[in-house]
Amino acid sequence: HWSWLLAGLPEPQGLASYAAHLRWAYALGPQGGALLAQALARADAARPARLDRAMGGRTHPLDRVRQALGEGRFGTEWPLAH
């Protein structure tokens, strides 16, 4: 795995980074173990600080995906296909 190359870099914040790390976690699946935990931690770090305020009390779809993955609920395909 090439994740060690990114380990020392500061985590950029933004929806694109947040989504990318959630996709990585989803791809790892429930058997991802430590890599899954790392992907979820990176997703949390990439989550924009202003997102809650911007959503005005509503839950962002990526936050629902994050919650599901954290609870070990993985579907058969990425839930936010565009």
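The structure under discussion appears in the preceding block.
Residues numbered from 1 in each chain as written. Predicted model: local features only at pLDDT ≥ 70, side-chain atom pairs only at ≥ 80, totals over all residues. Heavy atoms only, no water.

> So what about helix α1 (residues 15-28)? Which residues, and what values?
End to end, α1 covers 20 Å across 14 residues, agreeing with the expected 20 Å (1.5 Å per residue, within 8%). Every buried residue of α1 is accounted for by S17, Y18, H21, L22, A25 and Y26. Taken together, the buried residues of α1 touch α2 (33-46), α3 (51-55) and α4 (61-70). In the segment just after α1, G29 is the residue with positive phi, at about 75°. (Helix = DSSP H or I, 4+ residues; strand = E, 2+ residues; numbered from the N terminus. Expected span 1.5 Å × (residues − 1). Buried < 20%, exposed > 50% of the residue type's maximum accessible area, 1.4 Å probe, protein only. Contact = heavy atoms within 4.5 Å.)

> Pulling in residues and values, what's your account of the side chain of R47?
Within the secondary structure, R47 sits in the loop between α2 and α3. Among the polar contacts made by the side chain of R47, one reaches the side chain of D52 at a distance of 2.7 Å. Filtering out sequence-adjacent residues up to four positions away, R47 remains in contact with Q13, Y18, D52 and D63. (Polar contact = N/O pair within 3.5 Å; in protein donor to acceptor, adjacent residues only side chain to side chain.)

> Any chance you could break down the packing of aromatic side chains for me, citing the residues and the numbers?
The tally for this structure, following the rule as stated, stands at 2 aromatic pairs. Pairing Y26 with W78 gives two aromatic rings, centres 5.6 Å apart and planes at 75°, and the pair type is edge-to-face. Of this pair, Y26 sits in helix α1 while W78 is found in the segment after α4, placing the two residues 52 residues apart along the sequence. Using a relative accessible area of 16% as the deciding quantity, one classes Y26 as buried. Accessibility expressed as a relative area gives 11% for W78, which makes it buried. (Phe/Tyr/Trp six-rings, centres within 6.5 Å; stacked < 30°, edge-to-face > 60°.)

> Explain the nonpolar core residue by residue, including any values.
Counting residues in each nonpolar core, the largest one holds 15 residues, and the members touching the most others are Y18, L22, A25, L40, L69 and W78. Broken down by secondary-structure element, the contributors of at least two residues to this core are α1, α2, α3 and α4. Among the elements that line this core, the one with the most residues is α2, at 5 residues. Beyond its immediate stretch of four places on either side in the chain, L22 contacts L40, A43, L62, V65, R66, L69 and W78. (Core = buried A, V, L, I, M, F, W, Y, C linked by side-chain atoms within 4.5 Å.)

> Outline the packing of α1 against α2, listing residues and values.
Where α1 contacts α2, the axes come no closer than 8 Å and their chain directions differ by 165°. One finds that α1 runs roughly antiparallel with respect to α2. With respect to the hand of their crossing, α1 and α2 are arranged in left-handed fashion. Residue-level contacts link S17, Y18, H21, L22, W24, A25 and L28 of α1 to L35, L36, Q38, A39, L40, R42, A43 and A46 of α2. Looking at the contact of α1 with α2 residue by residue, the class counts come to 11 nonpolar, 3 polar and 1 charged. (Axes fitted to C-alpha atoms, helices over the stretch in contact; angles between N-to-C directions. Parallel < 35°, antiparallel > 145°, perpendicular 65-115°, else oblique. Left-handed = near helix turned anticlockwise from the far one by under 90°. Nonpolar A, V, L, I, M, F, W, Y, C, P; charged D, E, K, R; others polar.)

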